[in-house]
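# Reading the structure
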Amino acid sequence: AEVLKPLMTHYETPDSIAVKYLEAIELEYQLQSATIKLSGEESYVPEVYPFTIIEYGRALNKVGRQGEATNLVEELKDATLFLTEDAMDANFTITIYLAYLLDDSGDSQAAANLFKSFKNDVLTWKEEDAGQTGAEEYYNEYLKMIDERIEQFSK
């Protein structure tokens, strides 16, 4: 995504980029999925796997395969939870992913609204966990990142 996509944007025609990029990122996704399956009892998940899922899903979405893109949510959640062991991080990552899908489909307001809804959930969880050591800072960090995303998608 960081190397091939910019090169394709520069050298390919706009009509061919979506399909060619989908093919490339799908291969990467399949290779990482195979690595996970072959890890057996060692339970290995590449650190970049959530990012790859997001890129693959966005590429699917851009070529009109929204159902397949949406079906990746559970896999994204599981990969993020495996790597971070943090449910809030998994929720945040899923919200980012779904917001990207909405934004890529031309509905940036729905993407912003998704983060506004998530913010309400985080505020509720923050209130429920008030008084626990480190909870205030933990939730405030996520609230800051959520506000940045609301601003990003509200433009």
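Because the structure is a prediction, the values reported are computed rather than measured.

### Some words on the overall build of the protein
Broken down by element type, the protein carries eight helices and zero strands. Listing every helix and strand of the protein by position from the N terminus yields α-α-α-α-α-α-α-α. Buried residues in the protein amount to 37% of all 155 residues. Long-range contacts, defined here as pairs at least 24 residues apart, represent 59% of the contacts in the protein between residues at least 6 apart. On the protein, roughly 9,300 Å² of surface is accessible, and the fraction owed to carbon and sulfur atoms is 52%. Side-chain charges in the protein split into 13 positive and 30 negative, and the spacing between the mean points of these groups amounts to 7 Å.

### Things to note about helix α6 (residues 87-104)
Its 18 residues place the ends of α6 26 Å apart at the C-alpha level, agreeing with the 26 Å of an ideal helix rising 1.5 Å per residue. Against α3 (49-62), α4 (66-70), α5 (73-84), α7 (108-128) and α8 (135-154) lie the buried residues of α6. Where α6 begins, the side chain of Asp86 points an oxygen toward the backbone nitrogen of Met88, at a separation of 3.0 Å. A positive backbone phi angle near 95° is found at Gly106, which sits one or two residues after α6.

### Describing the pattern of salt bridges
Oppositely charged side chains are able to pair whenever their charged atoms sit close together. In this structure the tally under the stated criterion is six salt bridges. When the shortest N-O distance is used, the salt bridge between Glu74 and Lys77 registers 2.8 Å. In this pair, Glu74 and Lys77 are both assigned in helix α5, three residues apart and thus about one turn of the helix distant. For Glu74, a relative accessible area of 45% corresponds to the partly exposed category. Of the charged contacts, one joins Asp147 and Lys119 as a salt bridge, the two residues approaching to 2.7 Å between their closest N and O atoms. Here the residue Asp147 occupies a position in helix α8, and Lys119 occupies one in helix α7, the gap between them amounting to 28 residues. Its relative accessible area of 34% is what places Asp147 among the partly exposed residues. Taking relative accessible area as the criterion, Lys119 reaches 24% and is therefore assigned partly exposed. Each of Glu74, Lys77 and Asp78 takes part in one network of salt bridges that share partners.

### A closer look at the packing of α3 against α5
Where α3 meets α5, the closest approach of the two axes is 9 Å, and the angle between their N-to-C directions is 165°. Here α3 lies roughly antiparallel to α5, going by the angle between them. Crossing hand, α3 versus α5: left-handed. Taken together, the residues of α5 that come into contact with α3 (itself represented by Tyr49, Pro50, Ile53 and Ile54) are Glu75, Leu76, Ala79, Thr80 and Leu83.

### Some points on the packing of aromatic side chains
Using the criterion set out here, one finds 10 aromatic pairs in the structure. Seen from their ring centres, Tyr29 and Tyr56 are 4.5 Å apart, and the 20° between their planes marks the pair as stacked. Here Tyr29 is found in helix α2 (residues 14-38), whereas its partner Tyr56 is found in helix α3, with 27 residues between them in sequence. Exposure class is identical for Tyr29 and Tyr56. Each is buried. With centroids separated by 6.0 Å and ring planes inclined at 65°, the aromatic side chains of Phe92 and Phe115 adopt a geometry described as edge-to-face. With a gap of 23 residues between them, Phe92 in helix α6 and Phe115 in helix α7 connect regions that are remote in the sequence. Assigned by exposure class, Phe92 and Phe115 land together as buried. By the ring-pair criterion, three or more aromatic residues cluster together here, those being Phe92, Tyr100, Phe115, Phe118, Trp125, Tyr138, Tyr139, Tyr142 and Phe153.

So, how was this worked out
- Residues numbered from 1 in each chain as written.
- Predicted model: local features only at pLDDT ≥ 70, side-chain atom pairs only at ≥ 80, totals over all residues.
- Heavy atoms only, no water.
- Helix = DSSP H or I, 4+ residues; strand = E, 2+ residues; numbered from the N terminus.
- Buried < 20%, exposed > 50% of the residue type's maximum accessible area, 1.4 Å probe, protein only.
- Contact = heavy atoms within 4.5 Å.
- Areas by Shrake-Rupley, 256 points an atom, 1.4 Å probe, with all protein chains shown as cover.
- Lys, Arg positive; Asp, Glu negative; His and termini not counted.
- Charge placed at Lys NZ, Arg CZ, Asp CG, Glu CD.
- Expected span 1.5 Å × (residues − 1).
- Polar contact = N/O pair within 3.5 Å; in protein donor to acceptor, adjacent residues only side chain to side chain.
- Salt bridge = Lys/Arg side-chain N within 4 Å of Asp/Glu carboxyl O.
- Axes fitted to C-alpha atoms, helices over the stretch in contact; angles between N-to-C directions.
- Parallel < 35°, antiparallel > 145°, perpendicular 65-115°, else oblique.
- Left-handed = near helix turned anticlockwise from the far one by under 90°.
- Phe/Tyr/Trp six-rings, centres within 6.5 Å; stacked < 30°, edge-to-face > 60°.

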